[in-house]
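Close look at the chain arrangement
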Amino acid sequence: MTAPPSRADWSDTLAVYLRPRVLIVLFLGFASGLPLALSGSTLLVWMREANVDLGTIGLFALVGTPYTIKFLWAPVVDALSVPILSRLLGRRRGWLVFSQLLLVAAIVLLATRDPAVSPWAVAFGALMVATASATQDIVIDAFRVESLDEREQAAGMASYVAAYRLGMLASTAGALFLVTGFERYGFERSGAWTAGYLAMAALVVVGLVTTLIATEPERSAEATRQQAGAGALARVARAASGAFSEFLTRDLAIAVLAFVVLFKFCDAFAGTMTAPFVIDLGFTRDEYAAIVKGVGLAATLVGGFAGGFIARATPLASALWIGALLQMVSNLVFVGLAFAGTNLWALSAAIIAENFAGAIGTVIFVAYLSALCSSPAHTATQYALLTALAAVGRTYLSAGAGYVAQAAGWPLFFALSSLVAVPGLVLLAILQARGHFAGLDQADRAKAR
């Protein structure tokens, strides 16, 4: 039996989180997490307060389509440079600044729409936010993989996920508190929401400043030099064909892709309707902000670092089983909350369980996706493909969640949301039996040497 690797002492373990490259990834994690709720849960609260029906709210999951198809333009991001910006900042940083400026414009557009008057205009604005956000995610994922060495990957992954949740907190609890504050200062409701969204657009500056402070990854600079002289279309075609062919020729490729779609599905299916559920129970907007996104933050941070520990300490398959089962069980806590009603303690317990389990599952899942991206030449495009597939559950498979909740009622809805984890568990068992994860574990150990 091989002896376990020696562990660094606590000071070395903590010091890695303070390395400049890890800190850059942390702030980029905040930038990545900020936009998601603005076209998701926060927008759903705005729509519910505007008396948009549950069926239409459920369909708004479709505005997340760019997250599921971002692999289509990932080769462009991988192969081409942004005029002027890439020349000044480098290929990755140029694309980051470009996507962040687009994101500011899209959030401003969404802020000026009114769901009570024109919900489909709101849908267009949300779609633009999602598109700019998905483009930013493509670049950040590539930047993270290319910037960090093997010893920094675990710390970078945990920091990224924790900061991602902080970004989501800012655009959920932060946005909701801002809207309430604007109302208290005399804004009418629609104007308060507009002002709240404009404040979120201003927060994009965190990502912009981080990008300007960062340095271009050496691997990206080397790739740019290697691509010099080739035509634009040739570079895009090479990035796309190489990424897809390398992945699809692997053993069990279809089963792997289906598992990527289904692993977070139960979490996404329930999460789509969490905000309307809490409002329908009778909780106020401020209670939702303080408990659902405030108390849950501590659970998310603890869960994120717990997920990082599990990912390092256990084989990949075991870690995925732990994450999947925790996500499945956490959905059942909302069944009890549905019967408890407007009980703040019950809400706190449910949110702590959901956020803790969800964060563990997310970190472990990110570790799995990173392990699948074995080719340095196609990392960005392959990672975009995998994360786009992971978004299918949140976007398309969850689109009917509002209709299910409307027909079944909240207790049965959350019970069903737990059961939708079963197909993913079946695929996990099949992949483990066929030796899929053993191969990935061996590859990771080889890279770590």
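For the structure itself, consult the block above.
Since the structure is predicted, the reported quantities are computational estimates derived from the model, not experimental observations.

1. Quick look at the overall build of the protein
Secondary structure assignment for the protein yields 25 helices and zero strands. In the protein, which comprises 449 residues, the proportion classed as buried is 57%. Long-range contacts, defined here as pairs at least 24 residues apart, represent 83% of the contacts in the protein between residues at least 6 apart. Summed over all atoms, the accessible surface of the protein reaches about 18,200 Å², with 69% contributed by carbon and sulfur.

2. Some words on the packing of helix H15 (residues 253-262) against helix H24 (residues 422-433)
The interhelical angle for the contact between H15 and H24, taken along N-to-C directions, is 145 degrees, at an axis separation of 9 Å. For the element pair H15 and H24, the recorded crossing hand is left-handed. Residue-level contacts link Ala255, Val256, Ala258, Phe259 and Leu262 of H15 to Pro423, Gly424, Leu427, Leu428 and Leu431 of H24.

3. Re helix H22 (residues 401-408)
Given 3.6 residues per turn, any residue in an α-helix points the same way as the ones three and four places further on. Buried within H22 are the following residues: Ala401, Gly402 and Ala405. The arc enclosing the buried residues of H22, seen along the axis, measures out at 100 degrees, which places them on a common side. Structurally, H22 contributes buried residues whose contacts are with helix H4 (54-59), helix H16 (265-271) and helix H23 (410-419). Of the residues one or two after H22, Gly409 is the one with positive phi, at around 85 degrees.

4. Remarks on the nonpolar core
Counting 131 residues, the largest nonpolar core has Leu43, Tyr197, Val260, Phe277, Leu320, Tyr368 and Leu372 as the members making the most contacts within it. Here the element with the most residues in this core is helix H20 (residues 344-372); it accounts for 13 residues. If you count residues domain by domain, this core takes at least three from each of domain 1 (10-228) and domain 2 (239-448). Excluding anything up to four places from it in sequence, Leu320 contacts Phe259, Phe263, Ile364, Tyr368, Leu428 and Phe437.

5. What to know about the packing of aromatic side chains
Applying the stated criterion across every chain, the model contains 19 aromatic pairs. Their ring planes at 75 degrees and their centres at 5.7 Å tell us that Phe265 and Phe269 sit as a pair that is edge-to-face. Linking Phe265 with Phe269, this pair stays in helix H16, spanning four residues, or about one helical turn. Given a relative accessible area of 10%, Phe265 falls into the buried group. Residue classification places Phe269 among the buried residues on the basis of a relative accessible area of 8%. Among the aromatic residues, those joined into a ring-pair cluster are Phe265, Phe269, Phe277, Phe334, Trp410, Phe413 and Phe414. Against the face of Tyr160 rests Arg144, its NZ or CZ located 5.6 Å from the ring centre.

6. Examining the packing of helix H2 (residues 20-33) against helix H12 (residues 205-213)
Viewed as axis vectors pointing N to C, H2 and H12 meet at an angle of 150 degrees, and their least axial separation amounts to 8 Å. Compared by their axis directions, H2 and H12 come out roughly antiparallel. In the crossing of H2 with H12, the sense of the turn from one axis to the other is left-handed. For the pair H2 and H12, contact is made by Ile24, Phe27, Leu28, Phe30 and Ala31 and by Val206, Gly207, Thr210, Thr211 and Ile213, respectively. Across the contact of H2 with H12, the residue classes break down as seven nonpolar, three polar and no charged.

Thresholds applied
Residues numbered from 1 in each chain as written. Predicted model: local features only at pLDDT ≥ 70, side-chain atom pairs only at ≥ 80, totals over all residues. Heavy atoms only, no water. Helix = DSSP H or I, 4+ residues; strand = E, 2+ residues; numbered from the N terminus. Buried < 20%, exposed > 50% of the residue type's maximum accessible area, 1.4 Å probe, protein only. Contact = heavy atoms within 4.5 Å. Areas by Shrake-Rupley, 256 points an atom, 1.4 Å probe, with all protein chains shown as cover. Axes fitted to C-alpha atoms, helices over the stretch in contact; angles between N-to-C directions. Left-handed = near helix turned anticlockwise from the far one by under 90°. Arc of directions from axis to C-beta. Core = buried A, V, L, I, M, F, W, Y, C linked by side-chain atoms within 4.5 Å. Domains from an automatic or database assignment. Phe/Tyr/Trp six-rings, centres within 6.5 Å; stacked < 30°, edge-to-face > 60°. Lys NZ or Arg CZ within 6 Å of the ring centre and 35° of its normal. Parallel < 35°, antiparallel > 145°, perpendicular 65-115°, else oblique. Nonpolar A, V, L, I, M, F, W, Y, C, P; charged D, E, K, R; others polar.

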